[in-house]
Amino acid sequence: MSDNQEQFVGYEYAEVTVKRQRESIYTDNYRNFGWELERSSTPSKGSTFVTLKFKRNRKLRNKAELSRLQYQFDHIMDSVKMLERSKILKAATWAYIIGVLGTAFMAGSVFAVTSGQITLCVVLAIPGLIGWIAPYWVYRSINHRKIDELNPVIDEKYDELYELCDQANNLLQG
């Protein structure tokens with residue numbers, strides 16, 4: 001075989017579907033595990049997800065260790081996603097509960113007015129209106145507290161990710 005001819009390279013392939021906002025994190029960091037971005041599928045308009053298609057040489061040195069580090073990377077990214085989701089979950093839950101309670105009071109107020117009990121109607125309408133206005137403020141308050149609580153934890157997770165990627169890159173180079 002002459003020096004000008006390329007030798008056969010067998011590849012393995014992987015597809016990863018991620019939120020569009022995390023696309024660069026995956027494309028930049030999967031490189032450290034030996035993956036090359038083959039293409040990125042353009043999602044339908046309005047979709048928040050993108051599918052990334054990667055390939056890497058099957059005969060990669062330190063492949064087992066790289067796979068183990070990649071598994072840890074994926075696990076940490078999953079926990080970051082969960083932490084991000086938990087920022088809004090508790091706040092949204094409380095906002096919905098208060099909104100439903102406000103609606104129940106307002107329904108009681110409507111039933112009271114249809115039965116001719118104006119005083120009861122007013123008494124039920126006040127917490128009903130409060131239950132319709134308060135969810136916004138409750139959501140904001142809880143959400144801001146959760147953000148302040150979870151952002152340092154998320155930053156620590158990203159630091160772990162970058163340490164893993166550094167280890168994987170050193171394995172690729174060495």
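Our subject is the structure that appears above.
The rules we used
Residues numbered from 1 in each chain as written. Predicted model: local features only at pLDDT ≥ 70, side-chain atom pairs only at ≥ 80, totals over all residues. Heavy atoms only, no water. Helix = DSSP H or I, 4+ residues; strand = E, 2+ residues; numbered from the N terminus. Contact = heavy atoms within 4.5 Å. Axes fitted to C-alpha atoms, helices over the stretch in contact; angles between N-to-C directions. Parallel < 35°, antiparallel > 145°, perpendicular 65-115°, else oblique. Nonpolar A, V, L, I, M, F, W, Y, C, P; charged D, E, K, R; others polar. Pairing = 2+ DSSP bridges. 1 Å grid on protein atoms, 1.4 Å probe; cavity = no way out; pocket = protein on both sides within 12 Å on 5 of 7 lines; lining within 4 Å. Points joined across faces, edges and corners; volume = space filled by probe spheres on them. Salt bridge = Lys/Arg side-chain N within 4 Å of Asp/Glu carboxyl O. Buried < 20%, exposed > 50% of the residue type's maximum accessible area, 1.4 Å probe, protein only.

Visitor: Any chance you could break down the side chain of Arg56 for me, citing the residues and the numbers?
Guide: Examined against the element boundaries, Arg56 turns out to sit in strand β3 (residues 49-57). Arg56 has contacts with Gly10, Tyr11, Glu12, Phe33, Gly34, Trp35, Lys63, Leu66, Ser67 and Gln70, leaving out every residue within four places of it along the chain.

Visitor: So, the packing of helix α2 (residues 63-114) against helix α3 (residues 118-173): which residues are in play, and what are the values?
Guide: Closest axis-to-axis distance for the α2/α3 pair is 7 Å, and the angle between their directions is 180°. Judged on the interaxial angle alone, α3 and α2 are roughly antiparallel. Residue classes in the contact of α2 with α3 are distributed as 41 nonpolar, 13 polar and 7 charged.

Visitor: Please provide a residue-by-residue account of the pairing of β3, values included.
Guide: Bridge count between strand β1 (residues 11-19) and β3: 9 bridges; the pairing is antiparallel. Residue pairing across strands places Ala14 opposite Phe54, the latter belonging to β3. Note: strand β2 (residues 36-41) against β3, 5 bridges, orientation antiparallel. By the bridge assignment for β3, Arg39 is matched with Lys53.

Visitor: Let's hear about the sheet that holds β1: which residues, and what values?
Guide: In any sheet, the strands associate via hydrogen bonds between backbone groups, in a parallel or an antiparallel arrangement. Strands sit in the order β1-β3-β2 across an open sheet of 3 strands; the sheet is antiparallel. Whereas interior strands pair on both sides, the edge strands pair on one side only; in this sheet they are β1 and β2. Sheet twist, expressed as the mean angle between neighbouring strand axes with direction ignored, is 25°.

Visitor: Report on the layout of surface pockets, specifying residues and quantitative values.
Guide: Reported here for the largest pocket is a volume of approximately 200 Å³. Along its surface, the largest pocket is lined by Thr17, Val18, Lys19, Gln21, Arg22, Phe49, Lys81, Glu84 and Arg85. Secondary-structure elements contributing two or more residues to the lining of the largest pocket are β1 and α2. Its residues placed into classes, the lining of the largest pocket shows 2 nonpolar, 2 polar and 5 charged.

Visitor: Outline the pattern of salt bridges, listing residues and values.
Guide: The full count for this structure, using the stated rule, is 8 salt bridges. A salt bridge links Glu15 to Lys53; its shortest N-O distance comes to 3.1 Å. Highlighted residues: Glu15 in strand β1 and Lys53 in strand β3, separated in sequence by 38 residues. The exposure class of Glu15 is exposed, given its relative accessible area of 55%. We classify Lys53 as buried; its relative accessible area is 18%. Two residues, Lys87 and Glu84, come together in a salt bridge whose shortest N-O distance is 3.3 Å. Remark: Glu84 and Lys87 occur in helix α2; sequence separation between them is 3 residues, near one turn of the helix. In the salt-bridge network here, residues are joined through shared partners; they are Glu12, Arg56 and Lys63.

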